[in-house]
Amino acid sequence: MDPELDPKIDAKIDAKIDPVLIGDCVHCGFCLPTCPTYALWGEEMDSPRGRIHLMKQHVEGTPVTPEMAGHFDACLGCMACVTACPSGVRYDRLIEQTRAEVERTHVREPRERAVREIVFSLFPYPRRLRLLRPTMWLAGRMAPFLTRVHPSLGAMAALAPRVEHRQRLPRLVRARGRRRAVVGMLTGCVQGEFFPQVNAATARVLALEGCDVLVPAGQGCCGALSVHAGRTGQARRLARRTISAFRRAGVDTVVVNAAGCGSTMKEYGELFGADPGFRVTDLSEFLAELGPVARRHPLPLTVAYHDACHLAHAQGVRAQPRELLRGIPGLELREIPESAICCGSAGTYNILQPQAARDLGDRKAEAVGSTGAELLVSANPGCTMQIASAMRRAGKEIRVAHTAEVLDASLRGVSL
């Protein structure tokens, strides 16, 4: 059934805060040391159990106050608390429901409202992002001026990556050698426009491992940024378009190379009450399951692997990327201290909450620097921009690559 015609599709994404899920929390405190904002400020209301207490107050009749909204906005949605919780509390679902409720009922200050409109009128739309590409080289210079206008605008400019030339992918990338699988590939919005080399590397790696790769036209943004911010109407529109694009392509497996996108797409059925009709899998998860056939050439590199929160905590994918990297001859993998603590990217968090994000980014940069690695490997574009920016601030610039780029270099026998 087409998702636009399914009457159940709006049911769960528009759900009110679920009191049953709230009742699962026994306030034990296991979440506290894993929560980035509690680590920064030590405030109970800026911990998962504190925010759940505020959710309970609202469900019982307390209106969303500016202070309450501020505590919800300060949450990164990193899901480290979900990993740590012994009671299985669905904080991921609770914070999404709560943010949707905040967006429905809370009136923000005009400047904050304007910044949010800029962010969500820009980032989920690849064509609009494409218009920014010729001006990206100016972003760093403009950051101090834009910070004076609004801290969020300055943060947006400071995070801007050095964009490579656009790389157009064909609609079909054929398998090299014997075909082992046929998959669809999400190109994404930020990934596709700011990191086109990652998508190109992803397609090559899949093809070299024996996959026909379909890249459907018209797929656009998956809706992850909007879901995580409580903008349910926009999320629904974007997700429907993506679902329709992959259904038309006729694939039963969609490979995703951005952690936040994969996390949301795996929840399409739960979010919308309708099966999208295909399986969603992270690139590293899919490759580990498929098994290697292509020859790995040596890469003599020391690599620090960063666990993106929406890959490690939300999807539970931790071992597979490390397994793939360790399978490359000559590559030495080094672990980052406090790997479970968020880098501060968290979708649009580093734009909407710039000071907290900066503090977390500096903390992550120090941890990455302590490894002495030559290369930082991440599986999410937001994390890549966030950590690279923090490393520049610390005067410790490090090369950054996606897991797909490292594998691509090894499979093709080229330097990275």
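Residues numbered from 1 in each chain as written. Predicted model: local features only at pLDDT ≥ 70, side-chain atom pairs only at ≥ 80, totals over all residues. Heavy atoms only, no water.

1. Overview of the overall build of the chain
Phase 1: Counting its regular elements, the chain contains 23 helices and nine strands.
Phase 2: Taken along the three principal axes of its C-alpha coordinates, the chain extends 65 × 55 × 45 Å.
Phase 3: The buried share among the 416 residues of the chain stands at 58%.
Phase 4: Within the chain, contacts between residues separated by at least 24 positions form 78% of all contacts whose residues are at least 6 apart in sequence.
Phase 5: Carbon together with sulfur atoms contributes 54% to the accessible area of the chain, which is approximately 17500 Å² in total.
Phase 6: Charged side chains in the chain number 53 positive and 43 negative. The centres of these two groups are separated by 7 Å. (Helix = DSSP H or I, 4+ residues; strand = E, 2+ residues; numbered from the N terminus. Buried < 20%, exposed > 50% of the residue type's maximum accessible area, 1.4 Å probe, protein only. Contact = heavy atoms within 4.5 Å. Areas by Shrake-Rupley, 256 points an atom, 1.4 Å probe, with all protein chains shown as cover. Lys, Arg positive; Asp, Glu negative; His and termini not counted. Charge placed at Lys NZ, Arg CZ, Asp CG, Glu CD.)

2. Topic: the packing of aromatic side chains
Phase 1: Under the criterion given, the structure shown has one aromatic pair.
Phase 2: The ring of tyrosine 125 carries the charged tip of arginine 128 above its face, separated from the ring centre by 4.0 Å. (Phe/Tyr/Trp six-rings, centres within 6.5 Å; stacked < 30°, edge-to-face > 60°. Lys NZ or Arg CZ within 6 Å of the ring centre and 35° of its normal.)

3. Let's talk about the sheet that holds strand E7 (residues 332–335)
Phase 1: Taken in spatial order, the four strands make up an open sheet running E7-E6-E8-E9, and their pairing is parallel. The outermost strands of the open sheet, each flanked by one partner alone, are E7 and strand E9 (399–402). Averaged over all adjacent pairs, the angle separating strand axes in this sheet is 35°, with direction ignored.
Phase 2: Across the sheet, helix H19 (residues 319–326) lies against strand E6 (302–305), E7 and strand E8 (375–378), angled at about 150° from E7, the strand it touches most. (Pairing = 2+ DSSP bridges. Axes fitted to C-alpha atoms, helices over the stretch in contact; angles between N-to-C directions.)

4. Side note on unusual backbone geometry
Phase 1: Within the chain, histidine 27 stands out as a residue other than glycine whose phi angle is a positive 55°.
Phase 2: Judged by its relative accessible area of 38%, histidine 27 is partly exposed.
Phase 3: Backbone geometry at alanine 346 places phi at a positive 50°, although glycine is not the residue there.
Phase 4: Mapping alanine 346 onto the fold places it in the loop between E7 and helix H20 (349–352).

5. Observations concerning the confidence of the model for the chain
Phase 1: Summarising the model, the chain shows a mean pLDDT of 90, and 95% of its residues fall at 70 or more.
Phase 2: Per-residue pLDDT, averaged within each element of the chain, yields its smallest value for helix H9 (residues 136–149) (75) and its largest for strand E3 (residues 211–214) (98).
Phase 3: Confidence drops under pLDDT 50 across residues 1–11; counting only partners more than four residues distant or on other chains, this segment forms 19 contacts. (pLDDT = per-residue confidence, 0-100.)

6. As for helix H15 (residues 259–266)
Phase 1: With seven of eight residues buried, H15 lies mostly within the body of the structure.
Phase 2: Of the positions making up H15, those classed as buried are Ala259, Gly260, Cys261, Gly262, Ser263, Thr264 and Met265.
Phase 3: Buried positions along H15 lie against helix H13 (224–228), helix H14 (232–249), strand E4 (253–256), helix H16 (268–272), strand E5 (279–282) and helix H18 (309–312).

7. Side note on the pattern of salt bridges
Phase 1: A complete count under the given rule lists 31 salt bridges for this structure.
Phase 2: Across the pair aspartate 408 and arginine 204 runs a salt bridge, and its minimum N-O distance is 2.8 Å. With aspartate 408 in helix H23 (residues 403–412) and arginine 204 in helix H12 (residues 196–208), the pair connects residues that are 204 residues apart, well separated along the chain.
Phase 3: Taking the relative accessible area as the measure of exposure, arginine 204 reaches 31% and is therefore partly exposed.
Phase 4: The residue glutamate 332 makes a salt bridge to arginine 334 at a minimum N-O spacing of 3.0 Å.
Phase 5: With a relative accessible area of 38%, glutamate 332 lands in the partly exposed category.
Phase 6: You can call arginine 334 partly exposed: its relative accessible area is 25%. (Salt bridge = Lys/Arg side-chain N within 4 Å of Asp/Glu carboxyl O.)

8. Section: the environment of cysteine 81
Phase 1: Its place among the elements puts cysteine 81 in helix H5 (residues 80–84).
Phase 2: Classification of cysteine 81 by relative accessible area gives buried; the value is 9%.
Phase 3: For the pair formed by cysteine 81 and tyrosine 91, sequence separation is 10 residues and the distance between their alpha carbons is 7.5 Å.
Phase 4: Apart from the residues lying within four places of it in its own chain, the contact partners of cysteine 81 are Cys31, Thr34, Pro48 and Tyr91.

9. Observations concerning the pairing of E3
Phase 1: Sheet topology places strand E1 (residues 172–173) next to E3; two bridges connect them, and they run antiparallel. Note that in E3 the partner of valine 173 across the bridge is valine 213.
Phase 2: Bridge count between strand E2 (residues 181–185) and E3: four bridges; the pairing is parallel. Bridging from a neighbouring strand, alanine 181 pairs with cysteine 211 of E3.

10. Describing the state of the cysteines
Phase 1: In the structure shown here, the tally under the stated rule is zero disulfides.
Phase 2: Summary of cysteine pairing: cysteine 28 is not part of a disulfide, and the nearest cysteine sulfur, belonging to cysteine 85, is at 5.8 Å.
Phase 3: The class for cysteine 28 is partly exposed, based on a relative accessible area of 40%.
Phase 4: Of the cysteine sulfurs around cysteine 221, a residue in no disulfide, the closest is that of cysteine 189, at 3.7 Å. (Disulfide = S-S within 2.5 Å.)

11. Looking at the side chain of serine 226
Phase 1: Note on placement: serine 226 falls in helix H13.
Phase 2: Its relative accessible area of 0% is what places serine 226 among the buried residues.
Phase 3: When sequence neighbours within four positions are dropped, the list of residues in contact with serine 226 reads Phe120, Pro124, Arg231, Gln234, Ala235 and Leu238.

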